[in-house]
Number of protein chains: 2
Amino acid sequence: METRIERIKKQLHSSSYKLTPQREATVCVLLEHEEDHLSAEDVYLLVKEKSPEIGLATVYRTLELLTELKIVDKINFGDGVSRYDLRTEGAAHFHHHLVCIECGSVDEIQQDLLDDVEELVERDWKFKIKDHRLTFHGICYRCQEKKQQK
Amino acid sequence: METRIERIKKQLHSSSYKLTPQREATVCVLLEHEEDHLSAEDVYLLVKEKSPEIGLATVYRTLELLTELKIVDKINFGDGVSRYDLRTEGAAHFHHHLVCIECGSVDEIQQDLLDDVEELVERDWKFKIKDHRLTFHGICYRCQEKKQQK
DNA sequence: TTGGGTGCAAAATCTTTGCAATCAT
DNA sequence: ATGATTGCAAAGATTTTGCACCCAA
């Protein structure tokens, strides 16, 4: 069984990039925090714990590289920082997000949901869709429960 | 017939804000460029043409205020700057965007499209939706035509 | 006169870049 | 040797903030 990191290594190699120790450490952090939505700074601090010599610029360059290769997606929830999210392996499309305006949590929706909408947009707007970003802002189930208890 | 700016003035007043000349000039620019997706800097330069004494900070503060009052929406297409988009009057939901990865154009989709999806998300994820952001990245019809001609 | 609003400049944030040093082949 | 990669510091870009001044109620 091939590991996730090995497959990423191959993806890098097939574009003539190397999986350096710094890049590997960065990817590991992303894998270990797949549920989170880390900023470059977040990633940097986490990588530093295990590889203290790494520089912030390297993290930025690595994240940029991974974005180019479509291994991660760069997203922005409107708080001034870019966040980086591992693409779900094998998924045809980028997953969606539920941002809670009360507690700030970010949940993911892996299910596609947009098939019909995309078909309509391609047909009626003559737009060839390559990627999408869908984010809902609202109140997560946890905060709704908290409110009901009051 | 009440003008758009008069209605915005009332919205400001009902939250005890004034429509100062600077704010009015800023809103006017937004109204005159409703189809565009201006950054704060863009707005600043346009406002300056008619009100040269305005400061960039005032533009930022005005845009923030208008965002709070839900008169404009702050959006981010991943190019490092926030853009400000007048909400369509009377529209229940924020409109969607088509960003062309070839020419950088941004077209708008006013049609809602997400009714079914939102119903499903509210039901299955127990998420109370307050707002959404949907952006498609791809190739606009203009660039597709250009390619075919080659 | 009083508090909101403004302009300016400085500060704060986030991100990119130049460059010398280092590494792997 | 050679070209890719790195760390550091500096530069860039965007946005926010402090503060004195101004203005309308």
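Cut-off values and rules
Residues numbered from 1 in each chain as written. Chains lettered and ligands numbered in written order. Predicted model: local features only at pLDDT ≥ 70, side-chain atom pairs only at ≥ 80, totals over all residues. Heavy atoms only, no water. Contact = heavy atoms within 4.5 Å. Buried area = accessible area lost by both parts, 1.4 Å probe. Salt bridge = Lys/Arg side-chain N within 4 Å of Asp/Glu carboxyl O. Near = heavy atom within 4 Å. Polar contact = N/O pair within 3.5 Å; in protein donor to acceptor, adjacent residues only side chain to side chain. Helix = DSSP H or I, 4+ residues; strand = E, 2+ residues; numbered from the N terminus. Least-squares fit on C-alpha atoms with pLDDT ≥ 70 in both. Core = buried A, V, L, I, M, F, W, Y, C linked by side-chain atoms within 4.5 Å. Buried < 20%, exposed > 50% of the residue type's maximum accessible area, 1.4 Å probe, protein only. Nonpolar A, V, L, I, M, F, W, Y, C, P; charged D, E, K, R; others polar. Pairing = 2+ DSSP bridges. Axes fitted to C-alpha atoms, helices over the stretch in contact; angles between N-to-C directions. Parallel < 35°, antiparallel > 145°, perpendicular 65-115°, else oblique.

Draft legend 1. Summary view of the interface of chain A and chain B. Each partner contributes to the interface: chain A provides 32 residues, whereas chain B provides 32 residues. Taken together, the two surfaces of chain A and chain B that pack against each other cover about 2800 Å², and 72% of this comes from carbon and sulfur. Sorting the residues of chain A by area buried against chain B places W125(A), F127(A) and F136(A) first, and these three jointly supply 23% of that buried surface. Across the contact surface, chain A and chain B share 0 salt bridges.

Draft legend 2. Examining the protein's contact with DNA strand C more closely. With respect to spatial proximity, 18 residues lie near DNA strand C, and among them Y60(A), T20(B), Q22(B), T58(B) and R61(B) are the closest. One of the side-chain nitrogen or oxygen atoms of T20(B) is found 2.5 Å away from a phosphate oxygen of DNA strand C. Contact distances for DNA strand C include 3.1 Å between a phosphate oxygen and a backbone N or O atom of E53(B). The set of elements that each furnish at least two residues to the surface near DNA strand C consists of α4 (56-68) of chain A together with α2 (21-32) and α4 (56-68) of chain B. Per element, the largest residue contribution to the surface near DNA strand C is 4 residues, and it comes from α4(A).

Draft legend 3. Seen up close, the relation of the copies chain A and chain B. When chain A is brought onto chain B, the operation consists of a screw motion whose angular component is 180 degrees and whose axial shift is 0.0 Å, with 0.1 Å RMSD remaining. Taken together, the turn and the small shift mark the pair as related by a two-fold rotation axis. Closest approach to the rotation axis among the C-alpha atoms of chain A is made by L134(A), whose C-alpha sits 2.3 Å away. Here 100% of the interface residues in chain A have copies in chain B that are interface residues too; the copies meet face to matching face.

Draft legend 4. Summary view of the nonpolar core. Counting residues in each nonpolar core, the largest one holds 28 residues, and the members touching the most others are V121(A), F136(A), V121(B) and F136(B). Looking at this core, the elements with two or more residues in it are β4 (96-100), α5 (115-124) and β6 (128-139) of chain A together with β4 (96-100), α5 (115-124) and β6 (128-139) of chain B. Once residues lying within four places of it in the same chain are set aside, the contact partners of V121(B) are L98(A), I109(A), L113(A), F136(A), K126(B), F127(B) and I129(B).

Draft legend 5. Highlighting the protein's contact with DNA strand D. In the neighbourhood of DNA strand D, 18 residues make up the surrounding shell, with T20(A), Q22(A), T58(A), R61(A) and Y60(B) lying closest. Taking the atoms of DNA strand D that fall within 4 Å of the protein, sugar and phosphate contribute 74% of them. Among the secondary structure elements, those contributing two or more residues to the surface near DNA strand D are α2 (21-32) and α4 of chain A together with α4 of chain B. Looking at the surface near DNA strand D element by element, the count peaks at 4 residues for α4(B). Residues that form the surface near DNA strand D fall into these classes: 7 nonpolar, 6 polar and 5 charged.

Draft legend 6. A look at unusual backbone geometry. Even without being glycine, K70(A) reaches a positive phi, approximately 60 degrees. The residue K70(A) is located in the loop between α4 and β2 (72-75) in this model. For L113(B), which is not glycine, the phi dihedral falls at a positive 70 degrees. Position of L113(B) among the secondary structure elements: in the loop between β5 (106-109) and α5. Take L113(B): its relative accessible area is 17%, and that puts it in the buried class.

Draft legend 7. Looking closely at the pattern of salt bridges. Residues and elements named next belong to chain A. Summed over all chains, the structure comprises 28 salt bridges over all chains. Notably, a salt bridge pairs R133 with D131, separated by 3.2 Å at the nearest N-O pair. Counted as one network, the salt bridges with shared partners bring together R4, R7, E34 and E89.

Draft legend 8. Examining the sheet that holds strand β3 (residues 83-86) of chain B more closely. All names here are of chain B. Strand order in the open sheet formed by 3 strands is β1-β3-β2, with antiparallel pairing between adjacent strands. Edge positions in the sheet fall to β1 (38-39) and β2 (72-75), since each of these pairs with one other strand and no more. Relative to β3, β2 is paired through 4 bridges, and the arrangement is antiparallel. Considered in β3, the bridge of V72 is made with L86. Running at roughly 110 degrees to β2, α4 makes contact with β2 and β3 of the sheet.

Draft legend 9. Spatial organisation of the packing of α2(B) against α4(B). Residue and element names in this part refer to chain B. Closest axis-to-axis distance for the α2/α4 pair is 10 Å, and the angle between their directions is 70 degrees. Classed by the angle they form, the pair α2 and α4 counts as roughly perpendicular. Here α2 contributes Q22, R23, T26, V27 and L30 to the contact with α4, which in turn contributes T58, T62, L63, L65 and L66. Class assignment for the residues of the contact of α2 with α4 results in 5 nonpolar, 4 polar and 1 charged.

Draft legend 10. Quick peek at the side chain of H95(B). Along the polypeptide, H95(B) turns up in the loop between β3 and β4. Side-chain polar atoms of H95(B) contact the side chain of T88(B), separated by 3.3 Å.

Interpretation in functional terms is not warranted from these geometric data alone.
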